[in-house]
Amino acid sequence: MSELAASDYPLPAFYFRVKFASSGDSADTAFQEVSGIGAQLDTEDVVEGGENRFVHKLPKAVKHGNLVLKRGIAPNSSLLVQWCIKVFEQGVDITITPMTITVELLDETGQPARSWSFVNAYPVSWQVEGFNASKNEVAIEKLEFSYQYLTRER
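For every chain, the first residue of the written sequence is number 1, and numbering continues from 1 onward in sequence order. Residue-level local features of this predicted model are given only where pLDDT is at least 70; pairs of side-chain atoms are given and counted only at 80 or more, and the full residue set underlies all totals for whole chains, interfaces and linings. Water and hydrogen atoms were dropped before computing side-chain values, which therefore reflect all heavy atoms in the structure.

A few points about the packing of aromatic side chains
The geometry of an aromatic ring pair comes down to the distance between the two centres and the angle between the two planes.
Okay, so step 1: Whether two aromatic rings pair depends on their centres lying within 6.5 Å, for rings of Phe, Tyr and Trp, where Trp uses its six-membered ring; planes under 30 degrees apart make the pair stacked, over 60 edge-to-face, and the rest tilted. Applying the stated rule across the entire model yields four aromatic pairs.
Okay, so step 2: Look at phenylalanine 118 and tyrosine 147: their rings are 4.9 Å apart centre to centre, the planes differ by 80°, and that puts the pair in the edge-to-face class. Note that phenylalanine 118 is positioned in strand 7 (residues 112–128) and tyrosine 147 in the loop between strand 8 (140–146) and strand 9 (149–152), a separation of 29 residues in sequence. The pair phenylalanine 118 / tyrosine 147 is uniform in exposure class, with both members buried.
Okay, so step 3: Among the aromatic residues, those joined into a ring-pair cluster are Phe20, Phe31, Trp83 and Phe145. The helix count covers DSSP runs of H or I at least four residues long, the strand count covers runs of E at least two residues long, and both are numbered beginning at the N terminus. Exposure categories follow from relative accessible area, calculated using a 1.4 Å probe and restricted to protein chains: below 20% of the type maximum is buried, above 50% is exposed, and the middle band is partly exposed.

Encoded structure:
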């Protein structure tokens, strides 16, 4: 019986890295939580004429939810914060510059074991989670990004 390689074990969900095309691997890209990775195929029901027993589900388009990133509230000097401020405070009067966001799930050596790229991403939502004087927690901001398409690279 052969020994299992470390790569044969399920990867832990807590060891990940987020990269933005404009900032690479800076502390500005440290996040507590990543969610929204996925795709769904929309279908259209077509009833077969004269045959009431069948409804065909035909593929229409692939749909993606938003990429959601959570972290402690960052300072205004953050390049990511500046990009979001530009989008949200200047409105749609300016051209929104999309960028690629990469999420990497890391192995035990810190190397990417799985990787997803979100192409032409731009911020669509920014929220600060509620403050509570009875809890000792970090103040969290939640950023949501829409994107054109997603690719799994590993």
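After that view, the rundown keeps rolling.
A look at the pairing of strand 8
Okay, so step 1: Most of strand 8 is tucked away: seven of the seven residues are buried.
Okay, so step 2: Every second residue of strand 8 is oriented toward a common face, with Ile140, Lys142, Glu144 and Ser146 on one face and Glu141, Leu143 and Phe145 on the other, all of them buried.
Okay, so step 3: Of the strand pairs in this sheet, strand 5 (residues 67–72) and strand 8 are connected by six bridges, and their pairing is antiparallel. If you follow glycine 72 over to strand 8, its bridge partner there is isoleucine 140. At least two DSSP bridges between two strands are required for those strands to pair.

Thoughts on the side chain of glutamate 144
Okay, so step 1: Checked against the element boundaries, glutamate 144 lands in strand 8.
Okay, so step 2: On the basis of relative accessible area, glutamate 144 is assigned to the buried category, the value being 15%.

Some details on the environment of alanine 139
Okay, so step 1: With respect to the helices and strands, alanine 139 occurs in the loop between strand 7 and strand 8.
Okay, so step 2: As for alanine 139 and glycine 72, which are separated by 67 residues in sequence, their C-alpha atoms are 5.6 Å apart.
Okay, so step 3: Those residues within four positions of alanine 139 in sequence are excluded, and the remaining contacts are Arg71, Gly72, Ile73 and Phe131. Note on definitions: a residue-residue contact is assigned when non-hydrogen atoms from the two residues lie within 4.5 Å.

So, a nonpolar patch on the surface
Okay, so step 1: Only residues above 30% relative accessible area that lack a salt bridge enter a patch, with like-charged residues linked at up to 9 Å and the nonpolar side chains Val, Leu, Ile, Met, Phe, Trp and Tyr linked at up to 5 Å. To be clear on the numbers: accessible area is Shrake-Rupley with a 1.4 Å probe, and residue cover counts the displayed protein chains and nothing else. The term salt bridge refers to a pairing of a side-chain nitrogen on Lys or Arg with a carboxyl oxygen on Asp or Glu at a separation within 4 Å. Together, Ile73, Phe88, Trp126, Val128 and Phe131 make up an exposed nonpolar region whose accessible area comes to about 510 Å².
Okay, so step 2: Inspection of the secondary structure puts valine 128 in strand 7.
Okay, so step 3: With relative accessibility at 33%, the residue valine 128 sits in the partly exposed group.

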